[in-house]
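Given next are the chains, with one letter for each unit.
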Amino acid sequence: MSERLDLIKSLIIPADVIADVGCDHGRIAEHCARNVPCKNVIASDVSDKCLLKAKTLLGGCNNVEFRCCDGIAYDCDEAIIAGMGGILIADIIRSATVKPKTLIVSPHRDHYVLRKTLCELGYGIDRDIPIIDRGKFYAVIRAVMGGGNNKLSETQMLFGAECDVPSEALRTQLKKLYNTYAAAADKNKVKLDQVVAAMRLQGVAPDGDAHVK
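Residues numbered from 1 in each chain as written. Predicted model: local features only at pLDDT ≥ 70, side-chain atom pairs only at ≥ 80, totals over all residues. Heavy atoms only, no water.

The helix and strand inventory of the protein chain stands at 8 helices and 7 strands. For the protein chain, whose C-alpha radius of gyration is 18 Å, the value lies close to the compact-globule estimate of 17 Å for 213 residues. Taken across its 213 residues, the protein chain has 50% of its residues classed as buried. Residue pairs at least 24 apart in sequence account for 55% of intrachain contacts in the protein chain once pairs closer than 6 positions are excluded. (Helix = DSSP H or I, 4+ residues; strand = E, 2+ residues; numbered from the N terminus. Rg over C-alpha atoms; globule rule 2.2 N^0.38 Å. Buried < 20%, exposed > 50% of the residue type's maximum accessible area, 1.4 Å probe, protein only. Contact = heavy atoms within 4.5 Å.)

Taken in spatial order, the 7 strands of this open sheet run E3-E2-E1-E4-E5-E7-E6, and their pairing is mixed. One side of each edge strand has no neighbouring strand; the edge strands of this open sheet are strand E3 (64–68) and strand E6 (123–133). Across the sheet, the mean angle from the axis of one strand to that of its neighbour is 15°, orientation sign disregarded. Looking at chain direction, strand E2 (residues 40–45) and E3 are connected through 5 bridges and run parallel. In the sheet register, Ser 44 faces E3, and the bridge partner there is Arg 67. In the packing of helix H5 (residues 111–120) onto the sheet, contacts are made with strand E5 (102–106), E6 and strand E7 (136–145), and the angle to E7 comes to roughly 5°. (Pairing = 2+ DSSP bridges. Axes fitted to C-alpha atoms, helices over the stretch in contact; angles between N-to-C directions.)

Turning to the pattern of salt bridges, a few remarks are in order. What the rule picks out here adds up to 11 salt bridges. Several salt bridges converge on common partners, so that one network encompasses Arg 94, Lys 116 and Glu 120. (Salt bridge = Lys/Arg side-chain N within 4 Å of Asp/Glu carboxyl O.)

As a further point, take the packing of helix H1 (residues 3–11) against helix H2 (residues 27–35). Two elements in contact, H1 and H2, have axes separated by 11 Å at closest approach and are oriented at 40°. In this structure, the crossing between H1 and H2 has a hand that is right-handed. Mapping the contact onto sequence places Leu 5, Ile 8 and Lys 9 in H1 and Arg 27, Ile 28 and His 31 in H2. A per-class count over the contact of H1 with H2 returns 3 nonpolar, 1 polar and 2 charged. (Left-handed = near helix turned anticlockwise from the far one by under 90°. Nonpolar A, V, L, I, M, F, W, Y, C, P; charged D, E, K, R; others polar.)

Now for the pairing of strand E4 (residues 78–82). Burial analysis of E4 places 4 of its 5 residues in the buried class, which makes it a mostly covered element. Note: E4 against E5, 5 bridges, orientation parallel. Across the sheet, Ile 81 pairs through a bridge with Val 105, a residue of E5. For the crossover from E4 across helix H4 (residues 86–95) to E5, the handedness is right-handed. (Right-handed = clockwise from strand over helix to strand, strands pointing away.)

What follows concerns the packing of helix H7 (residues 168–182) against helix H8 (residues 189–202). Closest axis-to-axis distance for the H7/H8 pair is 9 Å, and the angle between their directions is 150°. Classed by the angle they form, the pair H7 and H8 counts as roughly antiparallel. Crossing hand, H7 versus H8: left-handed. On the side of H7, the interface is formed by Leu 170, Arg 171, Leu 174, Lys 175, Leu 177, Tyr 178, Tyr 181 and Ala 182, while H8 contributes Lys 191, Leu 192, Val 195, Val 196, Ala 198, Met 199 and Gln 202. Looking at the contact of H7 with H8, its residues break down into 11 nonpolar, 1 polar and 3 charged. (Parallel < 35°, antiparallel > 145°, perpendicular 65-115°, else oblique.)

Most of strand E1 (residues 17–21) sits inside the fold, with 5 of its 5 residues counted as buried. What you see with E1 is no split at all: Val 17, Ala 19 and Val 21 on one side and Ile 18 and Asp 20 on the other are buried throughout. Pairing geometry for E1 and E2, over 5 bridges, is parallel. Note on E2: the bridge partner recorded for Asp 20 is Ala 43. Following the backbone out of E1, through H2 and into the adjacent parallel E2, one traces a crossover that is right-handed.

The end-to-end C-alpha distance of H8 is 20 Å, a good match for the 20 Å that 14 residues give at a rise of 1.5 Å each. Buried residues of H8: Leu 192, Val 195, Val 196, Ala 198, Met 199 and Gln 202, and no others. Looking down the long axis of H8, one finds its buried residues gathered within 165° of arc, a one-sided arrangement. Buried residues along H8 sit in contact with helix H6 (154–159) and H7. With its phi angle positive at about 75°, Gly 203 sits one or two positions after the end of H8. (Expected span 1.5 Å × (residues − 1). Arc of directions from axis to C-beta.)

As C-alpha cells, this is what we get:
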C-alpha cells in the first residue's frame, strides 16, 4: 500500500458529500464510503475505463455515486485530487462552479502553482506534509475555504506551508535540489538561494557552503 495514499486518507475529514476526483481505481472513494462519516461519496473520472474499475472495487457500497466527467462538475463539500500535476489540479479547482469547502490535494509537480492558486481562491492551508513515497517526493495539502494559512511567504509557496516543521522527507528533497542547482551555481543563483532559505528553516546546511551563513 502507498504511504502517500495512507497520508491522504488520514487528512480526510467528515463531510456530507465527499468526492474522489480522478478516482482511477476508486481506493480513496472506497475509504471514504467505508470509514469516513458522510452521506454520499462521488467517484468521478474522465475515463469510463477507470470508473469501471472503481465500480468493481466499490460494488458493495450503496452510498457511492459514479460520475464520468472532467473535473468537479457537481456540488461537493470536500474533494480529494491526487495523481496529477499541480497546474492541472489548479485548473480543476478554478473551473469548479461551486468550490468545495475542503480540498485535499497531492500533486507530483508544480507545487508552487497549486499553493498560489489555493491562496488566490480564498483557501487557507492547514496541513502541508512532505513525503517521499517509492523514491518520489510529494506534498499532501489540506486547504479550507476561509480557514488555515493563506498568507504564505515565497519559501512556503515553494516548499510548503509547514516548511519550518522538521521533516526528513523535505530535508532529503532540499539536499537533492541543492546539489542539482549548485552544479551550475551562477546560472541557478535565485533557485539556490531559495533552497538555502528552506534549508535554514529545516536546520540543515551543506558543509562549507558559502551561501549558508
